[in-house]
Amino acid sequence: MTIHQTYIEQAVHLALENVKKGKGGPFGCIIVKNDQIIAAEGNSVTTTNDPTAHAEVNAIRAACKKLGTFQLDDCIVYSSCEPCPMCLGAIYWARPKAVFFGATKADAAQAGFDDSLIYKELALPMNLRSIPQERIGGVDSNQPFREWLEIVEKIEY
């Protein structure tokens, strides 16, 4: 068994524990840095009433807190399942060096966790999406960006 398989097996074990203990959905995620587990989290959407509490997001939050940083440089994300669009976005923001997963999004869809609507919606113009979205003008909503650009000594991300 490769090291990647070992970590995926641990992520899958987390997902199984989550199901058995009723903590949330059947998902687990482990984040590793320098062959050390930095975070190991399961999905807690239903127990925390937080739709963003997916295993990957929970693990990213825990790893960043432990490492004292908002980026996961040199870390590897191991997820029991292919990350959903939200988790994938969070992963890109966190900037790990790699992501490995077990089950596919098709496997998740068969179990009732189908993200195909989100993928379809993202490709549509805003006015055709199922949740109405519209830009509101007449407000200087770019002022925060202008002021951000003027800061010389800022922490970029």
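Located above this text is the structure these notes cover.
**Considerations on the side chain of Asn43**
1) Next: Take Asn43: it is sitting in the loop between β2 (36-42) and α2 (45-48).
2) Next: With relative accessibility at 5%, the residue Asn43 sits in the buried group.
3) Next: A distance of 2.9 Å separates a polar side-chain atom of Asn43 from the backbone nitrogen of Gly25.
4) Next: Among all residues touching Asn43, those that are not within four sequence positions of it are Asn18, Lys23, Gly24, Gly25, Phe27, Ala53, His54, Ala55 and Asn58.

**Examining the sheet that holds strand β1 (residues 28-33)**
1) Next: With respect to topology, four strands assemble into an open sheet ordered β2-β1-β3-β4, the strand pairing being mixed. Taken across any chain shown, the strands that pair with only one partner, and hence form the sheet edges, are β2 and β4 (98-103). Across the sheet, the mean angle from the axis of one strand to that of its neighbour is 15°, orientation sign disregarded.
2) Next: Here six bridges tie β1 to β2, and the two strands are oriented antiparallel to one another. From the neighbouring strand, Gly28 faces β2, where its bridge partner is Gly42.
3) Next: Its contacts with the sheet put helix α3 (residues 55-67) on β1, β2 and β3 (75-81), and the angle it makes with β2 is roughly 140°.

Rules behind the numbers
Residues numbered from 1 in each chain as written. Predicted model: local features only at pLDDT ≥ 70, side-chain atom pairs only at ≥ 80, totals over all residues. Heavy atoms only, no water. Helix = DSSP H or I, 4+ residues; strand = E, 2+ residues; numbered from the N terminus. Buried < 20%, exposed > 50% of the residue type's maximum accessible area, 1.4 Å probe, protein only. Polar contact = N/O pair within 3.5 Å; in protein donor to acceptor, adjacent residues only side chain to side chain. Contact = heavy atoms within 4.5 Å. Pairing = 2+ DSSP bridges. Axes fitted to C-alpha atoms, helices over the stretch in contact; angles between N-to-C directions.

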